[in-house]
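Architecture at a glance
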Amino acid sequence: QVHLVESGGGLVQAGGSLRLSCAASGLTFSSYSMGWFRQAPGKEREFVAAISWSGTSTYYGDSVKGRFTISRDNAKNTVDLQMNSLKPEDTAVYYCAANSGRSGGRYDHSLTYDYWGQGTQVTVSS
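Description of the structure in this document. The structure presented is a predicted model; accordingly, all values stated were derived computationally and were not measured.

On to the overall build of the chain. Counting its secondary structure elements, the chain contains 0 helices and 11 strands. Mapped from its N terminus to its C terminus, the chain presents α and β elements in the order β-β-β-β-β-β-β-β-β-β-β. For the chain, the C-alpha radius of gyration of 13 Å lies close to 14 Å, the compact-globule estimate for 126 residues. By principal-axis analysis of the C-alpha atoms, the chain measures approximately 40 × 25 × 25 Å. For the chain, the proportion of its 126 residues judged to be buried stands at 43%.

Dropping the structure here:
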């Protein structure tokens, strides 16, 4: 069975940095594009970042451009999200997701993704 497990969340002050990691198993990792989404209480799930199968293409939501960096290591079956210059509005549960491409959907739509991790809480204090 496919499992995606996020780690690295926690409490950080505004302006600080945090690095999230997602470990994947049960799939051919290099065949999947990967994404990060986040969801705050009472809000819809929001696209954060995505990375292509090879890692050569990356995409970011407008709210995190210039601050967050997505990367992947296909040898380790991991995808990371480096978050810098964190703001209180970044507070959310962050989810790792895997996209096989079978749906044909856009990378910034949550329904495009086939598998999801359990999420990790990121809290940014002001």
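A few words now on the state of the cysteines. In this structure the tally under the stated criterion is 1 disulfide. In this model, Cys22 is linked to Cys96 through a disulfide, with the two sulfur atoms separated by 2.1 Å. Here the disulfide of Cys22 and Cys96 is left-handed, its torsion about the S-S bond being about -75°. Of this pair, Cys22 sits in strand β3 (residues 18–25) while Cys96 sits in strand β9 (residues 92–99); the two residues are 74 residues apart in sequence, bridging distant segments of the chain.

Turning next to the side chain of Arg72. Of note, Arg72 is situated in strand β7 (residues 68–73). Of the side chains bearing the opposite charge, Asp73 lies closest to the buried Arg72, which forms no salt bridge; the N-O distance is 8.2 Å. Looking at Arg72, its side chain comes within polar contact range of the main-chain oxygen of Tyr32, at 2.8 Å. A polar atom in the side chain of Arg72 sits 2.8 Å from the backbone oxygen of Ser52. Apart from the residues lying within four places of it in its own chain, the contact partners of Arg72 are Phe29, Ser30, Tyr32, Ser33, Met34, Ile51, Ser52, Trp53, Gly55, Thr78 and Val79.

Moving on to the sheet that holds strand β8 (residues 78–83). As summarised here, the arrangement of the 4 strands in space is β1-β3-β8-β7, forming an open sheet in which the pairing is antiparallel. In the strand order of this sheet, the two ends are held by β1 (3–7) and β7, each with one partner. Each neighbouring strand pair of the sheet contributes to a mean axis angle of 15°, computed without reference to strand direction. Here β7 pairs with β8 via 6 bridges, running antiparallel. Pairing of Asp73 across the sheet is with Thr78, part of β8.

Attention shifts here to the nonpolar core. If you look at the biggest cluster of nonpolar residues, it comprises 30 residues, and the most contacted ones within it are Met34, Trp36, Val79, Leu81, Met83 and Tyr94. By size, the runner-up hydrophobic cluster in this structure holds 5 residues, among which are Phe47, Ala50, Ala97 and Tyr113.

This brings us to the pattern of salt bridges. Inspection of the entire model under this criterion finds 6 salt bridges. Ionic pairing is found between Glu46 and Arg38, a salt bridge with its closest N-O pair at 2.9 Å. On the basis of relative accessible area, Glu46 is assigned to the partly exposed category, the value being 32%. Linked by salt bridges that have partners in common, Arg38, Glu46, Arg67 and Asp90 make up one network.

As a further point, take the pairing of strand β5 (residues 46–51). β5 sits mainly inside the fold: 5 of its 6 residues count as buried. Inspection of the sheet shows strand β4 (residues 33–39) paired to β5 by 5 bridges, in the antiparallel sense. Residue Gly35 lies in a different strand from β5, and its bridge partner there is Ala50. Counted between consecutive antiparallel strands, the loop separating β4 from β5 contains 6 residues, among which Gly42 sits at a positive phi close to 80°. Sheet analysis places β5 next to strand β6 (residues 58–60), joined by 3 bridges and oriented antiparallel. Looking at β6, one finds that Ala50 is bridged to Tyr59. Linking two consecutive strands that pair antiparallel, namely β5 and β6, is a turn of 6 residues; a positive phi of about 90° is found at Gly55 within it.

About the cut-offs
- Residues numbered from 1 in each chain as written.
- Predicted model: local features only at pLDDT ≥ 70, side-chain atom pairs only at ≥ 80, totals over all residues.
- Heavy atoms only, no water.
- Helix = DSSP H or I, 4+ residues; strand = E, 2+ residues; numbered from the N terminus.
- Rg over C-alpha atoms; globule rule 2.2 N^0.38 Å.
- Buried < 20%, exposed > 50% of the residue type's maximum accessible area, 1.4 Å probe, protein only.
- Disulfide = S-S within 2.5 Å.
- Lys, Arg positive; Asp, Glu negative; His and termini not counted.
- Salt bridge = Lys/Arg side-chain N within 4 Å of Asp/Glu carboxyl O.
- Polar contact = N/O pair within 3.5 Å; in protein donor to acceptor, adjacent residues only side chain to side chain.
- Contact = heavy atoms within 4.5 Å.
- Pairing = 2+ DSSP bridges.
- Axes fitted to C-alpha atoms, helices over the stretch in contact; angles between N-to-C directions.
- Core = buried A, V, L, I, M, F, W, Y, C linked by side-chain atoms within 4.5 Å.

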